[in-house]
Amino acid sequence: MSNTDKTWGVTPPISTALPTPAENQATNTLLEELKAQNTFETKPETDKRHEVLADLQRIVDEFVRRIAKEKEPHNATLIREARGEVFTYGSFCLGVFGPGSDIDTLVCAPRYVTRVHYFEHFPGLLEEMAPEGAITDLTPVEDAFVPIIKFEYWGISIDLIFARIATLTQFPPHKELYLTENKYLRGLDEAELRSVNGTRVTNEILTLVPEQATFRLALRAIKLWAQRRAIYANIIGFPGGVVWAMLTARVCQLYPKAAAATIVAKFFQIIQRWPWPQPVMLKPMEDGPLNVRVWNPKIYKGDSFHLMPVITPAYPQMCATFNITHSNKAVIQRELERAGQIAEKIMTNALAWKDLFVKHTFFTKGYKYYLAVIVASKEKEAHKIWSGFVESKVRVLVSNLERHPSISIAHPFNKGFERLHRVKDQVQFDAVLDGKMAYLIKEEDEAKDDVKTEVQEDAEALLSKPENGVEAGPQSPNGKPAAAKAEEQDSKLFTTTHYIGLELAEAAGADRPGAKSLDLSYQVNEFKDLCHGWDKYKADLNFLSVQHVRNINLPEDVFEPGEVKPTRPLKKPSAPNGTKRPAPSDVWTTPAGETPATRCGRLKSTQLSCVPVRAAA
């Protein structure tokens, strides 16, 4: 059977019609728009990526060689032939990466190299063997769902995961290890299976689409649309890159001869009308050599709760969208409907492709009320770890919020806002946790501060050197220079803030009374208890606050140039009897018998006890 006549996927195609001249022209204009939107990078930039990957391969080989020496110092053959293998997955492997894209990378090693070795030795070896200054923002996250080391190599973001191949003591020559073969899955633990699954899934996707060039162009458009509409973030509970790729691949299977523009237009129609929870699958389920769990809602009850199941094609098949919440599903459906209407007009020349890629309005028009999840740390390195953990739990808070009878949708923004503050005392520290921006250090001030710190350190070094046996410079009672003591009163506070837009429920009977007032203390405290219960939480370094924010009080840095910040609406006339209408800040849910003093104490202990809101007039 020829490549054009075969059935792709689990059902016959909807149409095998060839593209019309108009559809080919629409594809050409789509390509030009994607170039204008800067989704393609230059050849030198791509060459730089390949150089970084070559460097990583060299470092991985040395890493495996050192472990071999440590394990069997007298086995010359093992040491001489010791090597690992670097694989890519995600956007780079799919061929849809662009400027600023990260490289999802997998390190595979022989059976004698463990994940413990990887996290103990590889970060230090990376800094040792890479050119000076090449490695920045190195962050190992050992207890992540997929254990990972994050860093930047010459400004290119790298996500590096690890798996050993338990059936191999010696690897074949480079480029001759094929992870698509199921035999290499034997002996792997769950984390290792998840790690190799990324590469296996990516390679499977490319073999399951009729025309790779059409698939890649369409996927670039879908990814750009999802990013602009802020519905692209697996960790927050939106589809990630691999999910958008699988959804695009499924549409390519249904229209195997269509042009890329047609695939994009059909994508929104097909996925918006998809009969969830029927799963999206690129091929039938298959058996494998392992006694491991594969996605099956008939056997595993938890799988039946997945709202928008998209199943990975590589064995063992998993649901890549297990963390999508009811709210996120509603937001995705809205965006698909909007995009479908726009795409339909684009195909009739009533609109241009640029209209599809218009930025989201999450902050400008999206919601009247928001929750701000403020993650804070006193040290930069500690903050990377703490903020990453809390980010992975934001979707848990979203799930709890959407179960509140007065909340219709709890919509998390798809990324956090990192900020740096300088505080002098506990009052200023508490103000930052309350969401105040008065002590924010701007980027230009941070650069000056770094220079100032270097100069101060040099000055302190000179002051500490004895001159003719006598220390120079004015001294404080504790023996330190007085200037240094004064500077010590200032401290930096690192924060990452995640925003959740709240859409309030309309009044709908006694069981759903609407949202004239809203008490979220239970949901917030449950979320904080979850985060504070983490075994790596340190109360003296890590802090967490959840605050209510009105749209008119959102910080300036969430808006991009040209965006209009919401303003306070015009004051409404007084009520007919002359009484003053209560302002939103006056409407609180207060427990019976609570005094203002106890209420203040309760608010201080929970950071957010209740959100003062009123139903829309």
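Residues numbered from 1 in each chain as written. Predicted model: local features only at pLDDT ≥ 70, side-chain atom pairs only at ≥ 80, totals over all residues. Heavy atoms only, no water.

The chain is annotated in an unreviewed UniProt entry as Poly(A) polymerase from Neoarthrinium moseri. Check the Sequence similarities (unreviewed entry) section of the UniProt entry for the chain; it says "Belongs to the poly(A) polymerase family." Per UniProt, the chain has the following entry under Subcellular location (unreviewed entry): "Nucleus". (UniProt positions renumbered as here; feature names shortened; annotations may be inferred.)

Student: Mind showing me how you'd approach the overall build of the chain here?
Tutor: Scanning the chain from N- to C-terminus turns up 17 helices and 12 strands. The buried share among the 617 residues of the chain stands at 48%. Excluding contacts between residues fewer than 6 apart, the proportion of contacts in the chain whose partners are at least 24 apart in sequence is 72%. Per element, the accessible surface of the chain, about 30500 Å² overall, is 53% carbon and sulfur. (Helix = DSSP H or I, 4+ residues; strand = E, 2+ residues; numbered from the N terminus. Buried < 20%, exposed > 50% of the residue type's maximum accessible area, 1.4 Å probe, protein only. Contact = heavy atoms within 4.5 Å. Areas by Shrake-Rupley, 256 points an atom, 1.4 Å probe, with all protein chains shown as cover.)

Student: Would you explain helix α6 (residues 190-207) in this entry?
Tutor: For an α-helix, 3.6 residues make a turn, and residues three or four places apart therefore share a direction. With 18 residues, α6 extends 25 Å between its outermost C-alpha atoms, agreeing within 8% with the 26 Å of an ideal straight helix rising 1.5 Å per residue. Taken as a whole, α6 carries its principal kink of about 30° at Asn 197. Judged by how many residues are buried, α6 sits mostly within the fold: 14 of 18 residues are covered. Its side-chain oxygen placed 3.2 Å from the backbone nitrogen of Ala 191, Asp 189 serves as the N-cap of α6. (Expected span 1.5 Å × (residues − 1). Bend = angle between axes of the 7 residues up to and from the residue. Polar contact = N/O pair within 3.5 Å; in protein donor to acceptor, adjacent residues only side chain to side chain.)

Student: How should I be thinking about the packing of aromatic side chains in this particular structure?
Tutor: Remark: the centre distance and the inter-plane angle together describe each pair of aromatic rings, the angle taken between the planes. Inspection of every chain in the model, using the stated rule, returns 28 aromatic pairs. Judged by centre distance (5.4 Å) and plane angle (90°), the rings of Phe 267 and Phe 268 are edge-to-face. No difference in accessibility class separates Phe 267 from Phe 268, as the two residues are buried. Of the aromatic side chains, those joined through ring pairs into one cluster are Phe 362, Phe 363, Tyr 367, Tyr 370, Phe 413, Phe 417, Tyr 499 and Phe 559. The ring of Phe 40 has Arg 220 lying over it, and the distance from NZ or CZ to the ring centre is 4.1 Å. Positioned above the aromatic ring of Phe 417 is the side chain of Lys 415, whose terminal nitrogen or guanidinium carbon lies 4.1 Å from the ring centre. (Phe/Tyr/Trp six-rings, centres within 6.5 Å; stacked < 30°, edge-to-face > 60°. Lys NZ or Arg CZ within 6 Å of the ring centre and 35° of its normal.)

Student: I would appreciate a short explanation of the UniProt feature "binding site: Mg(2+) 1" (unreviewed entry) in the chain in the present structure.
Tutor: In the numbering used here, UniProt assigns the feature "binding site: Mg(2+) 1" (unreviewed entry) to Asp 102 and Asp 104. Position of Asp 102 among the secondary structure elements: in the loop between α4 (90-94) and β2 (103-110). Beyond its immediate chain neighbours, meaning those up to four positions away, Asp 102 contacts Arg 49, Ser 91, Ser 157 and Asp 159. With respect to the helices, strands and loops of the structure, Asp 104 is situated in strand β2. Judged by relative accessible area, Asp 104 falls into the buried class, the value being 16%. Those residues in contact with Asp 104, other than ones at most four positions away along the chain, are Phe 87, Thr 88, Tyr 89, Gly 90, Ser 91 and Asp 159.

Student: Please clarify how the packing of helix α7 (residues 212-228) against helix α8 (residues 241-254) should be interpreted in this entry.
Tutor: In a pair of packed helices, the angle between the axes and the distance between the axes together describe the arrangement. Running from amino to carboxyl end, α7 crosses α8 at an angle of 135°, the nearest separation of the two axes being 10 Å. Here α8 runs oblique to α7, going by the angle between their axes. As for how α7 packs across α8, the hand of that crossing is right-handed. Packed against α7, whose contacting residues are Phe 215, Ala 218, Leu 219, Ile 222, Trp 225 and Ala 226, the element α8 presents Trp 244, Ala 245, Thr 248, Ala 249 and Cys 252 at the interface. Looking at the contact of α7 with α8 residue by residue, the class counts come to 10 nonpolar, 1 polar and no charged. (Axes fitted to C-alpha atoms, helices over the stretch in contact; angles between N-to-C directions. Parallel < 35°, antiparallel > 145°, perpendicular 65-115°, else oblique. Left-handed = near helix turned anticlockwise from the far one by under 90°. Nonpolar A, V, L, I, M, F, W, Y, C, P; charged D, E, K, R; others polar.)

Student: Would you explain the side chain of His 498 in this entry?
Tutor: Structurally, His 498 is set in strand β11 (residues 491-504). Relative accessible area serves as the criterion here: at 2%, His 498 is assigned to the buried category. The contact partners of His 498, leaving out residues within four places of it in the chain, are Ile 236, Leu 371, Ala 372, Val 373, Glu 391, Val 394, Lys 415 and Gly 416.

Student: Help me out: how do you make sense of the pairing of β2 in this one?
Tutor: Remark: a regular strand shows side chains that alternate across the two faces of the sheet. Burial analysis of β2 places 8 of its 8 residues in the buried class, which makes it a mostly covered element. As judged from the 5 bridges shared by strand β1 (residues 85-89) and β2, these two strands associate in the antiparallel manner. Bridging across to β2, Tyr 89 finds its partner in Asp 104. Strand direction decides the pairing type here: β2 and strand β5 (residues 156-165), joined by 8 bridges, are parallel. Pairing of Leu 106 across the sheet is with Ile 161, part of β5. (Pairing = 2+ DSSP bridges.)

Student: I keep staring at the sheet that holds strand β4 (residues 148-153) and nothing clicks. Help me out?
Tutor: Backbone-to-backbone hydrogen bonds join strands into a sheet, with any given pair of strands oriented parallel or antiparallel. Spatial strand order, β1-β2-β5-β4-β3: 5 strands in an open sheet with mixed pairing. Of all strands in the sheet, those with a lone pairing partner are β1 and β3 (135-141), marking the two edges. Strand after strand, the sheet turns through a mean of 25° between neighbouring axes, direction not considered.

Student: Looking at this structure, how should I read the pattern of salt bridges?
Tutor: Pairs can form between side chains of opposite charge once their charged atoms are near each other. In total, this model carries 23 salt bridges according to the counting rule given. Notably, a salt bridge pairs Lys 384 with Glu 381, separated by 3.3 Å at the nearest N-O pair. Within this pair, Lys 384 and its partner Glu 381 are both found in helix α12 (residues 380-402), separated by 3 residues, close to a single helical turn. Residues participating in the shared-partner salt-bridge network are Glu 62, Arg 65, Arg 66 and Glu 128. (Salt bridge = Lys/Arg side-chain N within 4 Å of Asp/Glu carboxyl O.)

Student: How should unusual backbone geometry be read in this particular structure?
Tutor: Among all residues except glycine, the phi angle is most often negative; among peptide bonds, the trans geometry is most common. In this chain, Trp 276 is followed by Pro 277 through a cis amide linkage whose omega measures 10°. Of note, Pro 277 is situated in the loop between α9 (260-272) and α10 (326-347). The step from Tyr 315 to Pro 316 runs through a cis peptide bond, and the omega angle for that step is -5°. Even without glycine at this site, Asn 38 takes up a positive phi of about 65°. Of note, the phi angle at Asn 349 is positive, near 65°, even though the residue is not glycine.

Student: Just checking my understanding: could you explain a negative patch on the surface for this structure?
Tutor: A cluster of acidic residues, Glu 70, Glu 120, Glu 142, Asp 143 and Asp 535, forms a negative patch at the surface. Along the chain, Glu 142 falls in the loop between β3 and β4. By relative accessible area, Glu 142 is classed as partly exposed at 42%. (Patch = residues over 30% accessible without salt bridge, like charges linked within 9 Å, V, L, I, M, F, W, Y side chains within 5 Å. Lys, Arg positive; Asp, Glu negative; His and termini not counted. Charge placed at Lys NZ, Arg CZ, Asp CG, Glu CD.)

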